[in-house]
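One letter stands for each residue in the lines below.
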Amino acid sequence: MSLTFVELETARTATDPVLVTSSLVPSPWSEAAKGLFRLARVPVLVVRRGLDKTAIDAWTGVDNVPALRYGIEPVRTSWAAITALVARL
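From a predicted model like this one, the values you see are computed outputs, not experimental measurements.

**Q** Please explain the packing of aromatic side chains as it appears in this structure.
**A** The relation between two aromatic rings is expressed through the spacing of the ring centres and the mutual angle of the planes. Tallied over the full model, the rule gives one aromatic pair. Relative to Trp79, the ring of Trp29 lies with its centre 6.1 Å away and its plane at 55°, an arrangement referred to as tilted. Remark: Trp79 occurs in helix 4 (residues 79–88) and Trp29 occurs in helix 2 (residues 28–40); sequence separation between them is 50 residues. Take Trp79: its relative accessible area is 37%, and that puts it in the partly exposed class.

Have a look at this one:
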């Protein structure tokens, strides 16, 4: 499996893509984004965004999920942008 669930502190120093997902409610978009990484067999770190979301939102610069961060590139939140990055990787 290419998904590894990590805490924010680990994600901040990661070189792999980091996908922020919801841990509070079922999120079909987050599940679909994780599925893209599984299908492509691309490793991704997953951070669960819960009630204490302030630090994650400050790190990503967005307040929604899924949010995909990869290196110094802009954070991706749209379905097209996430799909394009997974295809590129």
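So that's the structure; there's more coming.
**Q** Please clarify how a nonpolar patch on the surface should be interpreted in this entry.
**A** There is a patch of nonpolar side chains on the surface, built from Leu24, Val25 and Leu51 and spanning about 350 Å² of accessible area. Its place among the elements puts Val25 in the loop between strand 2 (18–22) and helix 2.

**Q** Would you explain the nonpolar core in this entry?
**A** Note that soluble globular proteins tend to have their nonpolar side chains buried in a common cluster. Ranked by size, the top nonpolar core spans 11 residues in total: Leu3, Leu19, Ala33, Phe37, Val42, Val44, Val46, Leu68, Ile82, Leu85 and Val86. Where this core is concerned, the elements lending two or more residues are helix 2, strand 3 (44–49) and helix 4. Here this core takes three residues from helix 4, the largest share from any one element. Counting 10 residues, the second largest nonpolar core, distinct from the first, contains Leu8, Leu45, Ile56 and Trp59.

**Q** Would you take a moment to explain helix 4 for this structure?
**A** Since there are 3.6 residues in each turn of an α-helix, residues three or four apart along the chain are aligned in direction. Of all the residues in helix 4, the buried ones are Ile82, Leu85 and Val86. Within helix 4, the buried residues cover an arc of 100° as seen down the axis, which keeps them to one side. Those residues of helix 4 that are exposed and angled more than 90 degrees off the buried face are Ala80 and Ala87.

**Q** Can you walk me through the pattern of salt bridges in this structure?
**A** A side chain of one charge can pair with a side chain of the opposite charge if their charged atoms are brought near each other. A full pass over the atoms with the stated rule returns four salt bridges. A salt bridge links Glu31 to Lys34; the nearest nitrogen and oxygen atoms lie 2.8 Å apart. With Glu31 and Lys34 both in helix 2 and three residues apart, this pair spans about one turn of that helix. The partly exposed category is assigned to Glu31, whose relative accessible area is 43%. Lys34 gets classed as buried once you look at its relative accessible area, which sits at 8%. Linking Glu73 and Arg76 is a salt bridge whose minimum nitrogen-to-oxygen distance equals 2.6 Å. Judged by relative accessible area, Arg76 falls into the buried class, the value being 14%. Within this structure, Glu73, Arg76 and Arg88 form a network of salt bridges that share partners.

How each quantity is defined
Note that residues are indexed from 1 along each chain, following the sequence as it is written. Restriction of local features to residues with pLDDT of at least 70 applies here, the model being predicted, together with a cutoff of 80 or more for giving and counting side-chain atom pairs; totals for whole chains, interfaces and linings are based on all residues. The basis for the side-chain values is all heavy atoms of the structure; hydrogens and waters are excluded. Geometry of aromatic contacts follows a simple scheme: Phe, Tyr and Trp rings, the Trp one being its six-membered ring, pair when their centres are within 6.5 Å, and the pair is stacked under 30 degrees between planes, edge-to-face over 60, tilted otherwise. What counts as a helix is a DSSP run of H or I of at least four residues, what counts as a strand is a run of E of at least two, and both are numbered from the N terminus. Think of it in three bands: with a 1.4 Å probe and only protein chains considered, a residue is buried below 20% of the maximum accessible area for its type, exposed above 50%, and partly exposed in between. Each patch is assembled from residues with relative accessible area greater than 30% and no salt bridge, linking like charges that lie within 9 Å and nonpolar side chains (Val, Leu, Ile, Met, Phe, Trp, Tyr) that lie within 5 Å. To measure how exposed things are, a 1.4 Å probe is used in the Shrake-Rupley method; for residues, cover is taken only from the protein chains shown. What counts as a salt bridge is simple: a side-chain nitrogen of Lys or Arg found within 4 Å of a carboxyl oxygen of Asp or Glu. Among the buried residues, those of types Ala, Val, Leu, Ile, Met, Phe, Trp, Tyr and Cys that are joined through side-chain atoms within 4.5 Å form a nonpolar core. Directions drawn from the helix axis to the C-beta atoms are what define this arc.

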